[in-house]
Structure formats: C-alpha cells, structure tokens
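Structural overview
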Number of protein chains: 4
Amino acid sequence: MTIRLADLPADVQEEVAATRTIVADLHAELPRWELVVWTAGNVSQRIRCADRIGQDLFVIKPSGVSYDQLSPEAMVVCTLDGKKIDDGTPDRLQPSSDTAAHAYVYEHLDRVGGVVHTHSTYATAWAARGEEVPCVLTMMADEFGGPIPIGPFALIGDDSIGRGIVETLKDSRSRAVLMQNHGPFTIGTDGRDAVKAAVMVEEVARTVHISRQLGELIPIEQSKIDSLFDRYQNVYGQK
Amino acid sequence: MTIRLADLPADVQEEVAATRTIVADLHAELPRWELVVWTAGNVSQRIRCADRIGQDLFVIKPSGVSYDQLSPEAMVVCTLDGKKIDDGTPDRLQPSSDTAAHAYVYEHLDRVGGVVHTHSTYATAWAARGEEVPCVLTMMADEFGGPIPIGPFALIGDDSIGRGIVETLKDSRSRAVLMQNHGPFTIGTDGRDAVKAAVMVEEVARTVHISRQLGELIPIEQSKIDSLFDRYQNVYGQK
Amino acid sequence: MTIRLADLPADVQEEVAATRTIVADLHAELPRWELVVWTAGNVSQRIRCADRIGQDLFVIKPSGVSYDQLSPEAMVVCTLDGKKIDDGTPDRLQPSSDTAAHAYVYEHLDRVGGVVHTHSTYATAWAARGEEVPCVLTMMADEFGGPIPIGPFALIGDDSIGRGIVETLKDSRSRAVLMQNHGPFTIGTDGRDAVKAAVMVEEVARTVHISRQLGELIPIEQSKIDSLFDRYQNVYGQK
Amino acid sequence: MTIRLADLPADVQEEVAATRTIVADLHAELPRWELVVWTAGNVSQRIRCADRIGQDLFVIKPSGVSYDQLSPEAMVVCTLDGKKIDDGTPDRLQPSSDTAAHAYVYEHLDRVGGVVHTHSTYATAWAARGEEVPCVLTMMADEFGGPIPIGPFALIGDDSIGRGIVETLKDSRSRAVLMQNHGPFTIGTDGRDAVKAAVMVEEVARTVHISRQLGELIPIEQSKIDSLFDRYQNVYGQK
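Quick caveat: nothing in here was measured; it's all calculated off a predicted structure.

**Side note on the UniProt feature "domain: Class II aldolase/adducin N-terminal" (unreviewed entry) in chain A**
The UniProt feature table records "domain: Class II aldolase/adducin N-terminal" (unreviewed entry) at residues 21-209 of chain A. Secondary structure across residues 21-209 of chain A comprises 38% helix and 16% strand; the distance between its end C-alpha atoms is 35 Å.

Laid out in structure tokens, this is it:
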C-alpha cells in the first residue's frame, strides 16, 4: 500500500521537508566539484522515522533532470523498497534510475545515512580497469583508512548494484566503492558526509593516477595508515 | 531562388524565431562544458516545415563570432542546401564554415533534428589517432550503445565531411562520430539532444583515455551492452 | 630623450588611450582561458604612429601586477626600444619584464601588431622537451599552417629572447613559437589576434599531447595542410 | 599561562585584527587556483610582535571549516607553540590540524612570515613517488632557484612534520617542499608570498609532469638557473 505524506505525523512531514532542502542543496556540490556532467549523478539522504511510522524513508533526485532545476520541491521521497510515496503532487517526477541501489544500501546497512553516485572521471577510470586505488597518500589514510575497493560488474534493473555495494563496503573502512565499468558509490553518516566522500574519492583517484603515470608509488606502512585513520576520525574538525 | 522569411506562413516564421532562441541558448552549453575555445564549435537545429513550404530549414551559428555575442538575432537560417535565406537583415552574418556538413546530414538523415560540432579535447585526441573509443563504461552503453566510431579524413569545402558523417552514423546506434584528424560531430532528435551527445562523447572519451593510460581495459559483453542501451533508451528520465 | 605623452599630437594621444583600454581588456582573456597563473603572462599591442611622430609605440602590462588590477590606466606605453614614455604619471609602474622581447619583435617584424607571452601548461611542456608540435589536426592546419616550431633557449635581460622569436617566426606560417624551457610567444595582426593565437596554441598543444599518450598520430599530407590553411585565412569568419 | 587578547597592547590588537582579514582573504586564493577540495589546505601569517609582548603570534584557519565560511572572525590566533590564545570568544573554533607544523616553522625559521599547506594534485603526485621536481623551466629557476625538494614521511601529531619542513628548506632557495606521501608546504616573507609559492609549485609540478610524460626533459645549466634566480629576485615586479 502506498504511503501518503499527508497521513504522516507532523514531525515526520517536517523532516521530509527539511531533508528535501538538504538533498537539493547537496546536489549543487556535484557540479561545483566537477563530479558530474549533464544530468548524471545523484545524492540521497535517509530520514530515520522507523520509530514513528514503522519504516525509514529517503529523499533522492528525480531521474534525468538538469542540475539547474533541482529545487527542494523536485526531490522525490521513497520508501526503503525504492518506491516513491504519494506526496500529494499528482505529476510527481520519477526518482533517479539508481534509486533501487540507494534503497538496498539503506535497507542493509543501518549505519548509512547518505548515499552518492557519480561517474567522476578518475574514479571511473580505475573502475574501467577493475583496479583498486592503492593507499599511498596520507589524505587517503585519513579519509578512507586504506585502498578504495572495486565492486562487481552489475546491471541496473534489479538489486545487483545494491548488493555489490553492500558486499564490498559492509566490512570496510572505506566509504567509497568503485563499481566495475561503472563508477563510484559513496556512503556516509548523512548526505553531506557521502558527498564529501564522493569529492575525496575523485581527488585521491586523480592524484594517485597521476603519480603512477611517471613511476613507482611509495606505499605507506599499514601501522601508519591505522594511526592516521584513527586520528582523523577522532581529532580532525570541530567537536 | 532565395527564400524570403517575410513570405513564409506565420507559423513557420514563429518556429524560426523560437528555434533561433533555442539554438542561441544551446551555444552557451558548449563553453559551459568546456567543449570549445574562442569561436570554435557550432550547434544547429532543424525546422520541420516541409509540409508547409516544401522543404525543411535549419538554424545555425554565424561564422567566427564570439560566444559572448551569440544572441538569437545573430543566428542564421539556412535551407538544406546550406544557403542562408533572406531574413530581411541586409548585413546578415555568414553561417558557420561547417554549414555544408550540417546541411548534408539533415538532407540525408531524416530522423536527425539537431547537429553539433566541436573540437573537444579528448574526443579529438582519439580522432588524431584514428582510433574508435571502445565501449568499457556502462554510461557509454547507455548513451551510445557501443563504441564511438571514427569517420574518414575529409577536407572542408564540399560535401565530403557531411558524407563521412552520414556514412558512419546511418546504421549505427552511436549519435557521435569522430572525424579523423578533425573532431566530433554529434546528432540528435533535436539540438539539445545533439548537445547532450557532444557533452557525453567528450566525457567518455576522457574517461576511457585516462583509464587506458595505466593498463588494460575490461570489455563489457555485447549482450550486456545491448541490455543497458535498451533500458536507457526506454526507461531513463521522465516519460 | 624621453618622449612626453602630453607633447604628442591629439590623435596619437587618443590612440594611446584607446589602445590602453584594448590591452587591459585583452589581459582578461588570459586567465579566462586558463593560460596564466598569478601575475604571469603579458599582452601588448602596437600603435602605428611612425607617420606622425617618427616612430611606433606599444602598450604593455606592468610588471608583477595582479590580473584583478589591470585597469587601462595601469598599462604602460613604451617606445620600440622598450623604454616607457613619460605619460605624466610620476609613479608610473615599470613595464613587464618581457618588454624587451615584445619591443624587439615590433622593431624587426613590421607586420606584427600584437604580441602575447604565457607559460600555458601544454605549450610549455613541449618547450621543456624542445620538441615541435606536429600538425595532425585540421584546426592546426587552419590556424598555424603547419607544426608549432621551437625557438632557442635564451636568457632574459638582453635581446636574445626577441631575436629567437624573430628568427623562428619571420619565414613561418605559424603565429606561435615555443621558446625552449620557457613557453609560448605568439604574434598577430593586433593584440586580439595574438591572444587568439595564444589560446589556440595551448589548445592544439594539449590535444596533440593527449593524443600521442596512447599511440601513433596520423599525419596530415602537406598538400591538405596547405589547402586548409589557405581556405581558413581567406574564407572563415565575416568579411 | 594562556595569553588574553584583551590584555595585549592596542597596536598588537590592531595587527591581530588586520592579519585575520589578510589570512581570511588569502584562503579564497586556494580554491580560486584549484589547490584544495572541500576543507583541505590552510594558510597562516606571522605577527611580528616579540618586541612588544616577548613572543610572536600567528593567525591560521580553523579545522574542518568550509571555504565558504572563512570570515576574519573565524580565524584562530596562536602562540608559536601552536596553542590558541584566549581572544574573548568562548566558543572559539579549534585551529587547523596542521597548526603544530606551521608553529614549528615560525619558531625555527625567523625569516618566514607566512606558511601554506595544500594537497594540490600534481605536487602531491610527485610526493607520492618521493621524487623531486627537476628544474627544467625558466619560471622554476625564477621562482624557486632549482628543483623542488622532497621532505621525509612524517606522521601528524607531534613536531615531525615541522622538523621535516625546516630541515629541508633551511638551506634551500626553494620556498616549497613536497612532504613524502603527503603534499606541499610553502613558505614566504608573508602569507601572500607563501600563497604565491603554493600556486607556483603546483604550476611547475604540473607542467614538468606533463612534459616528462612524452619524453626526456632538457635540463637548464646551473649557471643559467643562478642567473635567472638572481635576476627575478632583484628585478621583477615593482620596487
């Protein structure tokens, strides 16, 4: 049975509205950091409302819409099976064609509050060779705690992309996976954290690519990677 | 005999005016996506008015004019033999030096409603080696349904560029051809669709180039390419 | 004896003022096309006033000034021996440290009306190997009529850079020379034409570099280069 | 004992306020020149007030704050042991996680008035191979007087990064060091000079990288490097 937005408790409706604004704003970061062209790429964020309505929801970009037209009102609200809810707008746009993958990740990794998908150039270039990005930069150790792993080749249309993401990331420190021949998916505690991971995975994919063009990379010892990752997760930024 | 705009039926005159605005606006996408420098590159769109005036027309950029000065009024209206019509402006600018190629494509491929030409960097780099871009990305399979083909070397000045484009694309899924030593031409259902193809061909040319710099690419099986192409043409976006 | 601007005929003073505006505006094109960083790079334009004051003048950028501060008033007026004239401003800025090279070119190549110098990345990369850019693109044949030649290594401080430019370009179709280990200098009929050459030389240096990274380039036959160059010089743009 | 801003002499308080504005403005140069992504990178500038309060201070970016939010008020004032002073703002942000490295440089190299750290792509790419950038461009000879040296691998958290920078640069003409597997640190007479060095080190790292992709670089003789460096330090710009 389709959920109707108007039937939900007032505080959940408010969270839906607030999350639409957040997700619309986060989409502006994708072209800003040159991670997407045309209408490619998408950001979603979970609404943790299972305690009140028996299930979580998430907000995601509509399919095939230009980045200039991504207002909060255009964002689509979905259940964790990837179906859009009835939000009272009769001509509600269809959600992103990657919605099923986002939904699968939220359903199977409870810690995930945000998901981002792009075809950013250097990350996708590693994906087209099926080769993980080795951890040779302190900023990679900080941010990802090791290499960026490769996920399986998977066709769109069922849950195989979602399963590939979850299988690859569930026991990993990395918040990014490079799906083979496809491109990066990133996860985070919320949409903003997943967008940061999308920015950083392209940055490290580019820098390591360029470095390796001219010779051998110097690896960082595992104990030092561990030390950097631990410190960054616990000391960096404002607490 | 030269066609005079003022003699055409009112609805055709209106379509000419609307198409001039569309084509002027689409030119702004070329520098936005960094596909062109200086005055290079051009977009055109067909006006389907053969039912009313016995032939179609198309609107194209004037030759050698800066992207800052491409107002709707500056756009040139041509017949399908590549000659500008008399639109009542005595000092009407000359159309793009690539007008003959656009005209030939419209004349010989009825399904084409828009044509774009650029010298975008990575697409042109494949063209200078005369090497097609292999289909190793799901977004290539989605958008082009296979590799991006190479067209013949052809000199400007007669219909040899147009013929090369038509010969290469007439039986292809690809909406882009890389003319050898020259650069990409793309086609679409209208000008916007051809601009999208120009953006996407540069994106895939860049990503595949960068990927192959560091090793072997993983091919995608033909059956999977077919599946992706079919789905994207029929499911993606808003219907 | 120093020339005083206030002593010159009124029409020459007007040309000086107009040229200062042109040269200031042209400097904005250098960062726009990403040819320069910080305060690097410079544009100059000749004032053809020998018929009236016995010698030509030229206007050039001041040395070490930020691109944000390049107003017409900041531009420096020089004689063809590279000395600034007395323009009535007591604290007149020093001209670009490359002024002697510009002056030498104007003095020895009468057809030149504009000179540009940058350290644009790909053009400078060819210069650091001392290797000319081969003519494998139709846009190179159009614009430069053949390869982009290398000039000698030359130290700043006397006329050796100017001599290197003139020796390399005086019998060449190319409007660009890559000075070894240094970077490109371009010439034109006026400042704008030289800026266009600076934009185009970087564009072709980049595209040919990227093409050659993955394999052999396809040369264009000399007769076809000749045909393209001739046509572009005589047919392209508005007459 | 913590220093209180309100207890300092009026002229030192004024210098603190002025330096906060300078350092905030200089941070805008880092994204402008594409040296940083997200919240990475930092600029600091020394306040020479040891004659009045017995020690110098410096102003630096807060940790993990977006470049859009770097107002003068957000900047953090520190003593040369890397501790923030009490500036009367109870919820004062924590200084950059690289503050200890900046502090160590100011403490041990009195000539240094500004420090910048980025992970700019090409400079970091050389650092990941532990390979100095050879001096093959006249602009490198001008600006750095020789190659860009590599500093040791060092973990964040104690003074080992600061020591690595000081050991590498104390007897060098270069104002930039590439810390292995990490990225560039640059120094200057003030913050702006260090930012210029950060811009220029990325520019030369990129150009030399690209040049070497296609073949052997032509070295510049040491005597000519000396001549260029001497001239640039003494003649370039406005005196």
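**Describing the interface of chain C and chain D**
Across the contact, 30 residues belong to chain C and 32 residues belong to chain D. Roughly 3000 Å² of surface becomes buried between chain C and chain D when both sides are summed, with 61% attributable to carbon and sulfur atoms. On the chain C side of the interface with chain D, the three residues burying the most area are C:Val37, C:Trp38 and C:Arg129, jointly 26% of the side's total. Joining chain C to chain D, the criterion identifies one salt bridge. Between D:Arg32 and C:Asp68 there is a salt bridge, with its nearest N and O atoms 3.3 Å apart. Taken together, the connections running from chain C to chain D amount to ten residue pairs in polar contact (both at pLDDT 80 or more). Sorting the residues of the side of chain C that touches chain D by element identifies helix H5 (121-129) and helix H8 (191-213) of chain C as the ones contributing at least two each. Here the element with the most residues in the side of chain C that touches chain D is H5(C); it accounts for six residues. When its residues are assigned to classes, the side of chain C that touches chain D shows twelve nonpolar, 15 polar and three charged.

**Quick notes on the sheet that holds strand S3 (residues 76-79) of chain C**
Residues and elements named next belong to chain C. Strand order in this open sheet of seven strands is S3-S2-S1-S4-S7-S6-S5, and the pairing throughout is mixed. At either end of the open sheet lies a strand with only one pairing partner, and these are S3 and strand S5 (150-151). Alignment of S5 against strand S6 (residues 176-179), held across two bridges, turns out to be parallel. Along S6, the bridge assignment pairs Gly 151 with Met 179.

**Quick word on the relation of the copies chain B and chain C**
If you rotate chain B by 90 degrees and push it 0.0 Å along the axis, it lands on chain C with an RMSD of 0.0 Å. The relationship between the two copies is best expressed as a four-fold rotation axis. Relative to the rotation axis, the closest C-alpha in chain B is found at B:Gln213, a distance of 5.3 Å. Each copy contacts the other with its own distinct surface, as only 3% of the interface residues of chain B are interface residues in chain C too.

**Overview of the relation of the copies chain C and chain D**
You can overlay chain C on chain D at an RMSD of 0.0 Å; the transform is a turn of 90 degrees with a shift of 0.0 Å along its axis. The two copies present different faces, since only 3% of the interface residues in chain C are matched by interface residues at the equivalent positions in chain D.

**Quick word on the pattern of salt bridges**
Side chains carrying opposite charge are able to pair once their charged atoms draw close together. Counting across every chain of the model gives 84 salt bridges over all chains. Here A:Glu143 makes a salt bridge to A:Arg175, at a shortest N to O gap of 2.9 Å. Of the two residues, A:Glu143 sits in helix H5 (residues 138-144) while A:Arg175 sits in the loop between helix H6 (160-169) and strand S6 (176-179), which places them 32 residues apart along the sequence. On the accessibility criterion, A:Arg175 (13% relative accessible area) is buried. With a shortest N-O distance of 3.2 Å, B:Asp7 and B:Arg4 are connected by a salt bridge. A relative accessible area of 53% places B:Asp7 in the exposed class.

**Description of the packing of aromatic side chains**
Within this structure, the stated rule accounts for eight aromatic pairs over all chains. With centroids separated by 6.3 Å and ring planes inclined at 50 degrees, the aromatic side chains of A:Trp33 and D:Trp38 adopt a geometry described as tilted. Placement of A:Trp33 in the loop between helix H1 (10-32) and strand S1 (42-47) and of D:Trp38 in the loop between helix H2 (29-32) and strand S1 (42-47) is noted, with the two residues assigned to different chains. For D:Trp38, a relative accessible area of 9% gives the class buried. Taking NZ or CZ as reference, B:Arg129 lies 4.8 Å from the ring centre of B:Trp126, over its face.

**Let's talk about the interface of chain B and chain C**
Listed as interface residues are 30 residues of chain B and, on the opposing side, 32 residues of chain C. Here chain B packs against chain C, burying approximately 2900 Å² in sum over the two surfaces, 61% of which is carbon and sulfur. Three residues, B:Val37, B:Trp38 and B:Arg129, lead the burial of chain B against chain C; their summed loss comes to 26% of the area buried on that side. Applying the counting criterion to the chain B and chain C interface returns one salt bridge.

**Quick word on helix H4 (residues 121-129) of chain A**
Taking burial as the measure, the nine residues of H4(A) include nine buried ones, the bulk of the element. All of the buried residues along H4(A) are A:Thr121, A:Tyr122, A:Ala123, A:Thr124, A:Ala125, A:Trp126, A:Ala127, A:Ala128 and A:Arg129. Turning to H4(A), the residues buried within the fold contact strand S5 (150-151), S6, strand S7 (183-188) and helix H7 (191-213) of chain A together with helix H7 (191-213) of chain B. Of the residues one or two after H4(A), A:Gly130 is the one with positive phi, at around 65 degrees.

**Some words on unusual backbone geometry**
Positive phi values are uncommon outside glycine, yet A:Trp38 reaches one of about 55 degrees. The backbone of B:Asn181 sits at a positive phi, close to 60 degrees, despite the residue not being glycine. Here B:Asn181 is to be found in the loop between strand S6 (176-179) and strand S7 (183-188).

**Topic: the side chain of D:Asp87**
Residue and element names in this part refer to chain D. Residue placement: Asp 87 occurs in the loop between strand S3 (76-79) and helix H4 (99-108). A relative accessible area of 13% places Asp 87 in the buried class. A polar side-chain atom of Asp 87 sits 2.5 Å from a polar atom in the side chain of Arg 20. Apart from the residues lying within four places of it in its own chain, the contact partners of Asp 87 are Leu 5, Arg 20 and Arg 92.

**Section: the packing of H4(A) against H7(B)**
Two elements in contact, H4(A) and H7(B), have axes whose closest approach is 8 Å; the angle formed by their N-to-C orientations is 60 degrees. Looking at the two axes, H4(A) sits oblique to H7(B). The interaxial crossing formed by H4(A) with H7(B) has right-handed handedness. Residue-level contacts link A:Thr121, A:Tyr122, A:Thr124, A:Ala125, A:Ala128 and A:Arg129 of H4(A) to B:Glu203, B:Arg206, B:Thr207, B:Ile210 and B:Ser211 of H7(B). Of the residues that constitute the contact of H4(A) with H7(B), the class distribution is four nonpolar, four polar and three charged.

Conventions and cut-offs
Residues numbered from 1 in each chain as written. Chains lettered and ligands numbered in written order. Predicted model: local features only at pLDDT ≥ 70, side-chain atom pairs only at ≥ 80, totals over all residues. Heavy atoms only, no water. UniProt positions renumbered as here; feature names shortened; annotations may be inferred. Helix = DSSP H or I, 4+ residues; strand = E, 2+ residues; numbered from the N terminus. Contact = heavy atoms within 4.5 Å. Buried area = accessible area lost by both parts, 1.4 Å probe. Salt bridge = Lys/Arg side-chain N within 4 Å of Asp/Glu carboxyl O. Polar contact = N/O pair within 3.5 Å; in protein donor to acceptor, adjacent residues only side chain to side chain. Nonpolar A, V, L, I, M, F, W, Y, C, P; charged D, E, K, R; others polar. Pairing = 2+ DSSP bridges. Least-squares fit on C-alpha atoms with pLDDT ≥ 70 in both. Buried < 20%, exposed > 50% of the residue type's maximum accessible area, 1.4 Å probe, protein only. Phe/Tyr/Trp six-rings, centres within 6.5 Å; stacked < 30°, edge-to-face > 60°. Lys NZ or Arg CZ within 6 Å of the ring centre and 35° of its normal. Axes fitted to C-alpha atoms, helices over the stretch in contact; angles between N-to-C directions. Parallel < 35°, antiparallel > 145°, perpendicular 65-115°, else oblique. Left-handed = near helix turned anticlockwise from the far one by under 90°.

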